[in-house]
Amino acid sequence: MSSKSETSEGLVAEYVTAVIGGQLFGLPISRVQDVFMPERLTRVPLSSAEIAGVLNLRGRIVTVIDMRARLGLSKADDGKPPMAVGVDLRGESYGLLIDQIGEVLRLPEEGREENPVNLDPRMAKLAGGVHRLDGQLMVILDVDRVLEMTHDKMAA
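Residues numbered from 1 in each chain as written. Predicted model: local features only at pLDDT ≥ 70, side-chain atom pairs only at ≥ 80, totals over all residues. Heavy atoms only, no water.

### Quick look at the overall build of the chain
Counting its regular elements, the chain contains three helices and 12 strands. Counting the 156 residues in the chain, one finds 42% classified as buried. For the chain, the share of sequence-separated contacts (at least 6 apart) that also reach a separation of at least 24 residues comes to 56%. By element, 51% of the accessible surface of the chain is carried by carbon and sulfur atoms, the whole surface being about 8600 Å². (Helix = DSSP H or I, 4+ residues; strand = E, 2+ residues; numbered from the N terminus. Buried < 20%, exposed > 50% of the residue type's maximum accessible area, 1.4 Å probe, protein only. Contact = heavy atoms within 4.5 Å. Areas by Shrake-Rupley, 256 points an atom, 1.4 Å probe, with all protein chains shown as cover.)

Shown next, in the form of structure tokens:
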């Protein structure tokens, strides 16, 4: 399933939006398996702070990655339970812990821009470009970059 489709307006990409630390992110819809509330998270001994733990999701073991830690942000203190977006990499299941899930946006591919030079370096290393929306910037999360760096740490 592709996240890009041809319409009369041209090539359109679909994103699931998520908020992490007040910043709007977009995940390509083709990479999103599911959205869930992580329950009964089991810590992994000696894992990095970015690994929030593992859980059983419908019979699959899912490694949950704390995106706030991944981006170098402090823990949320609003008291709201985090959400998770389920993604896969090479047959392994991961959950990206986020503050809040948004909506699905269909945006013209031509509106996608390279990372601005003033984008926070912590976000830039995980971003695959940006879309300028009304009054805010949506950072496109490069799921492969997020998971490759975590996958490498887990294998070490």
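That shown, we press on.
### Quick notes on unusual backbone geometry
For Arg 40, which is not glycine, the phi dihedral falls at a positive 50°. Classification of Arg 40 by relative accessible area gives exposed; the value is 78%. Of note in this structure, Leu 46 is not a glycine but carries a positive phi near 65°. Residue position: Leu 46 is located in the loop between β4 (34-36) and β5 (51-57). Judged by relative accessible area, Leu 46 falls into the exposed class, the value being 89%.

### Description of the sheet that holds β4
The strand order β4-β7-β8-β6-β5 describes an open sheet built from five strands, whose pairing is mixed. Edge positions in the sheet fall to β4 and β5, since each has one partner strand and no second. Strand-to-strand, the axes of this sheet are offset by a mean angle of 30°, without reference to chain direction. Pairing of strand β7 (residues 83-89) with strand β8 (residues 92-98), which is carried by seven bridges, proceeds in the antiparallel orientation. Across the sheet, the residue bridging to Leu 89 is Glu 92, located in β8. (Pairing = 2+ DSSP bridges. Axes fitted to C-alpha atoms, helices over the stretch in contact; angles between N-to-C directions.)

### Quick word on the nonpolar core
Within the largest apolar cluster, 28 residues are counted, with the highest numbers of intra-cluster contacts made by Leu 27, Met 67, Leu 96, Leu 141 and Leu 147. Of all the secondary-structure elements, those providing two or more residues to this core are β2 (10-20), β3 (23-28), β7, β8, β11 (127-133), β12 (136-141) and α3 (143-155). For this core, the leading source of residues is β7, giving four residues. Non-local contacts of Leu 27, meaning those with residues more than four positions away in its chain, are made with Glu 14, Tyr 15, Val 16, Ala 18, Val 32, Val 85, Leu 96, Leu 141 and Val 143. In this structure, Leu 55, Val 62, Val 64 and Leu 97 belong to the second largest nonpolar core, which totals eight residues. (Core = buried A, V, L, I, M, F, W, Y, C linked by side-chain atoms within 4.5 Å.)

### A word on the pairing of β11
Across two bridges, strand β10 (residues 112-113) lies against β11 in antiparallel orientation. Looking at the pairing, Glu 113 lines up with Val 130 of β11. Sheet topology note: the β11/β12 ladder contains five bridges and is antiparallel. Residue Val 130 lies in a different strand from β12, and its bridge partner there is Val 139. Between the antiparallel neighbours β11 and β12 lie two residues, among them Gly 135 with a positive phi of about 75°.

### Things to note about the pairing of β5
Burial within β5 is extensive, with five of its seven residues counted as buried. In the sheet, β5 pairs with strand β6 (residues 60-66) via six bridges, with the strands oriented antiparallel. What sits directly across from Asn 56, in β6, is Ile 61. Two successive antiparallel strands, β5 and β6, enclose a turn made up of two residues, where Arg 58 displays a positive phi of approximately 50°.

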